[in-house]
Amino acid sequence: GAVVSQHPSWVICKSGTSVKIECRSLDFQATTMFWYRQFPKQSLMLMATSNEGSKATYEQGVEKDKFLINHASLTLSTLTVTSAHPEDSSFYICSARGNPSRHTEAFFGQGTRLTVV
Amino acid sequence: AQKITQTQPGMFVQEKEAVTLDCTYDTSDQSYGLFWYKQPSSGEMIFLIYQGSYDEQNATEGRYSLNFQKARKSANLVISASQLGDSAMYFCAMREGRKSSASKIIFGSGTRLSIRP
């Protein structure tokens, strides 16, 4: 399968600060990247879909100004949690999908565990 | 609206036995894709197997097979000869609509599989 790298794997930040999470496709061009959030013992909830060079599409209930997504290149998308609060503590995971015919599934990064204190 | 249902929150299976994880889905699309992912305690999402809605044969990948019953809208995962390393959360997921880089994947609530030695 294709390789998607997510960084950092874990981060602790103070309440009120911003945190940036990177998602990179290492061996294919990701025209679309997806950002998910997962609370403990729950399923993955799609937050937003980003296409290279255009604005992200957010799912209902997700605050655009709080979760800033940038997809500036075919291999990199970033999620910035702005003015983080303890309730933003969660596991964030990205997936990437490209056009190569061998890829029929979305490949996931390793995930980022965010703790806001 | 689309929906993925996994009715087994948890399962215990004896090592070397086969196990079936249930998944039903609901969609009005004629073209869709079904996925199974494994999520160990580390959090990474590991792609296991894919079934397209127009695939005539059930998908198989090593010890994993997908029992696809289109009329019943079920896509159960079968793991043969279970191993201790199979203990993890398992998610069924569906891609809505035609295969394209922009189509979303939605997830079921997951099944926690525990393998007893």
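Up top is the structure these notes are about.
Residues numbered from 1 in each chain as written. Chains lettered and ligands numbered in written order. Predicted model: local features only at pLDDT ≥ 70, side-chain atom pairs only at ≥ 80, totals over all residues. Heavy atoms only, no water.

Describing the packing of aromatic side chains
All names here are of chain A.
Piece 1. Under the criterion given, the structure shown has 13 aromatic pairs over all chains.
Piece 2. A ring pair is formed by Phe-67 and Tyr-92, whose centres lie 6.3 Å apart and whose planes are at 40°; its orientation type is tilted. Of the two residues, Phe-67 sits in strand E7 (residues 67-73) while Tyr-92 sits in strand E9 (residues 90-98), which places them 25 residues apart along the sequence. Just as Phe-67 is buried, Tyr-92 falls in that class too. (Phe/Tyr/Trp six-rings, centres within 6.5 Å; stacked < 30°, edge-to-face > 60°. Helix = DSSP H or I, 4+ residues; strand = E, 2+ residues; numbered from the N terminus. Buried < 20%, exposed > 50% of the residue type's maximum accessible area, 1.4 Å probe, protein only.)

Observations regarding unusual backbone geometry
Piece 1. A cis amide bond links A:His7 with the next residue in sequence, A:Pro8, at an omega value of 0°.
Piece 2. Within the secondary structure layout, A:Pro8 lies in the loop between strand E1 (4-7) and strand E2 (10-13).
Piece 3. Despite not being glycine, B:Lys16 shows a phi value in the positive range, around 80°.
Piece 4. Examined against the element boundaries, B:Lys16 turns out to sit in the loop between strand E2 (10-14) and strand E3 (19-21).
Piece 5. The exposure class of B:Lys16 is exposed, given its relative accessible area of 69%.

Details of the state of the cysteines
Piece 1. Per the stated rule, a full pass over the model turns up two disulfides over all chains.
Piece 2. Here A:Cys23 connects covalently by a disulfide to A:Cys94, the sulfurs 2.0 Å from one another. The chirality of the disulfide connecting A:Cys23 with A:Cys94 is right-handed, given an S-S dihedral of about 85°. Taken as a pair, A:Cys23 in strand E3 (residues 19-25) and A:Cys94 in strand E9 lie far apart in primary sequence, 71 residues in all. Across the pair, A:Cys94 and A:Cys23 agree in class, each one buried.
Piece 3. Between the sulfur atoms of B:Cys23 and its disulfide partner B:Cys92 the distance amounts to 2.0 Å. One quick way to see it: the torsion about the S-S bond of B:Cys23 and B:Cys92 is about -65°, and its sign makes the bridge left-handed. Remark: B:Cys92 occurs in strand E10 (residues 88-95) and B:Cys23 occurs in the loop between E3 and strand E4 (24-26); sequence separation between them is 69 residues.
Piece 4. The structure places no disulfide on A:Cys13, whose sulfur is separated from the nearest cysteine sulfur, that of A:Cys94, by 18 Å. (Disulfide = S-S within 2.5 Å.)

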